[in-house]
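One-letter residues, chain by chain:
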Amino acid sequence: GIYAWSSPPHTMGEVSSTRGLHPRRVTTEGSYAAFAADAPSAHDDVGTSPFEWGGGNDPRILWPISEVGSGMKIATWNVNSVRKRTGNLVSWLERAKPDVVVLQEIKAQEAQFPALEVEAAGYKVAIVGQKGFNGVALLSLHPFDVTARALPGNGEDEQARYVEGRIQTPHGPLTVGGIYLPNGNPIGTEKFSYKLAWMQRLFEHAQSLLARGEMFVLGGDYNVCPTDIDVFSPAAFAGDALCQPESRAALRKLINLGLTDALRAFHPDDVLYTFWDYQAGAWQKDNGLRIDHLLLSPQAADRLTAVGIDKVERGKTEPSDHVPVWCELNVAA
């Protein structure tokens, strides 16, 4: 199914902070998400909700997936070759209806990207491609300005790993950055040094974004498991670049600027994964990693109303080894 968390039911658009948020397990019922939750308490403003609680002892509410919470839905997905995953991508876009999506590892040049199919689903597209490797894209239902096609700080870096756009919302501008952070393996090589240098550049860029005092979301495949809870076997990954003390310290340094890990804001202690390897039955055994993250500026975190992991995508035919991760912001004026 889908994992998602949302606030107690309110009139659409009323929730504007992360206070009072409750985790809820979600299953799919047709085009709806069924939120398993406790029966409403006295402080739950259920009387004004357009989606009423069930009668009697029924502890569920049903919300259309495209209208979970309120406001703008922002997602990240490492699709691991967009040409192989075009059907899965378009199907998910039509079902989940995110407002903005950042894609990673599209493994395609701009001319090879399935722009016609994506545009037919209603999305405007910015592509930063690379032949056979890497590659990122930004998709939006709303007009946006492309503000970066590479991460600042190294004009000689030709790897396609960053794209950024700026969208005008009723609450003001929202910048969304799409990140495909280097894997870094094997450690002890220039690949790991490149990873750490890239993370330092990201830290410096985040500082410049924070100086604006505006909403922004840096989403993508960070290739870092923040803590041991984010990896199915810490011992098995002790020598992996995704779990090295230096990688984790660099991510903490970034977050400690004042950013919010959207998933952990709602569910700080649960085991949640966003990636399952194709090998060794990782999906069937639930041997996963949490390496896809949405980091929010304080102004965006103040408006955070819901988060989710669309885990069901990993079980589909010819899936990516990653699944979409999303958050929602109340961007009402």
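Note that the structure is predicted; figures quoted are calculated from it, not measured. (Residues numbered from 1 in each chain as written. Predicted model: local features only at pLDDT ≥ 70, side-chain atom pairs only at ≥ 80, totals over all residues. Heavy atoms only, no water.)

## What to know about the overall build of the protein chain
Within the protein chain, the regular secondary structure consists of seven helices and 18 strands. Taken across its 333 residues, the protein chain has 53% of its residues classed as buried. For the protein chain, the share of sequence-separated contacts (at least 6 apart) that also reach a separation of at least 24 residues comes to 69%. Roughly 13700 Å² of accessible area belongs to the protein chain as shown, and the carbon and sulfur atoms make up 51% of that amount. (Helix = DSSP H or I, 4+ residues; strand = E, 2+ residues; numbered from the N terminus. Buried < 20%, exposed > 50% of the residue type's maximum accessible area, 1.4 Å probe, protein only. Contact = heavy atoms within 4.5 Å. Areas by Shrake-Rupley, 256 points an atom, 1.4 Å probe, with all protein chains shown as cover.)

## Side note on the confidence of the model for the protein chain
Mean pLDDT over the protein chain stands at 84; residues scoring 70 or higher make up 79%. In this model, residues 5–69 is a region of pLDDT below 50 whose contacts with residues beyond four sequence positions or in other chains number 138 contacts. (pLDDT = per-residue confidence, 0-100.)

## Section: the nonpolar core
Counting 36 residues, the largest nonpolar core has I74, L174, L296, L304, C327 and L329 as its most contacted members. Listed in part, the 20 residues of the second largest apolar core include W77, V79, L93 and Y123. (Core = buried A, V, L, I, M, F, W, Y, C linked by side-chain atoms within 4.5 Å.)

## As for the packing of aromatic side chains
Taken as a whole and assessed by the stated rule, the structure comprises four aromatic pairs. Geometrically, the ring pair formed by W276 and W283 is edge-to-face, given 5.0 Å between the ring centres and 85 degrees between the ring planes. What links up through ring pairs into an aromatic cluster is the set Y273, W276 and W283. Over the ring of W326 we find K73, and its NZ or CZ is 4.4 Å from the ring centre. The side chain of K253 reaches across the aromatic face of F203, ending 4.4 Å from its centre. (Phe/Tyr/Trp six-rings, centres within 6.5 Å; stacked < 30°, edge-to-face > 60°. Lys NZ or Arg CZ within 6 Å of the ring centre and 35° of its normal.)

## Considering the side chain of D157
One can find D157 in the loop between β9 (145–148) and β10 (162–169). Overall, D157 belongs to the buried group, its relative accessible area being 17%. In terms of polar contacts, D157 uses its side chain to reach the backbone amide nitrogen of Q159, at 3.1 Å. With residues up to four places along the chain from it excluded, the contact list for D157 reads Y194, W198 and R201. (Polar contact = N/O pair within 3.5 Å; in protein donor to acceptor, adjacent residues only side chain to side chain.)

## So, the sheet that holds strand β13 (residues 260–261)
Spatial strand order, β9-β10-β11-β12-β16-β13: six strands in an open sheet with mixed pairing. In this open sheet, the two strands that pair with only one neighbour each are β9 and β13. In the sheet, strand β11 (residues 172–180) pairs with strand β12 (residues 215–221) via seven bridges, with the strands oriented parallel. If you follow I179 over to β12, its bridge partner there is G220. Sheet contacts for helix α3 (residues 190–210): β10, β11 and β12; angle to β12, the most-contacted strand, approximately 160 degrees. (Pairing = 2+ DSSP bridges. Axes fitted to C-alpha atoms, helices over the stretch in contact; angles between N-to-C directions.)

## Structural notes on helix α4 (residues 245–255)
Regarding α4, the residues found buried are S247, R248, A250, L251 and L254. End-on view of α4: buried residues confined to an arc of 160 degrees, all on one side of the axis. Against the buried residues of α4 lie α3 and β16 (292–296). (Arc of directions from axis to C-beta.)

## Observations regarding the side chain of H293
Residue position: H293 is located in strand β16. Reaching out from H293, the side chain makes a polar contact with the backbone oxygen of V224 at a distance of 2.9 Å. Non-local contacts of H293, meaning those with residues more than four positions away in its chain, are made with T76, L218, G219, G220, Y222, V224, P226 and L251.

## Thoughts on unusual backbone geometry
Here the amide bond leading from N185 into P186 is cis, since omega sits at -5 degrees, within 30 degrees of zero. Within the secondary structure, P186 is located in the loop between β11 and α3. Unusually for a residue other than glycine, N134 sits at a positive phi of about 50 degrees. Along the chain, the position of N134 falls in the loop between β7 (124–128) and β8 (136–140). Given a relative accessible area of 9%, N134 falls into the buried group.

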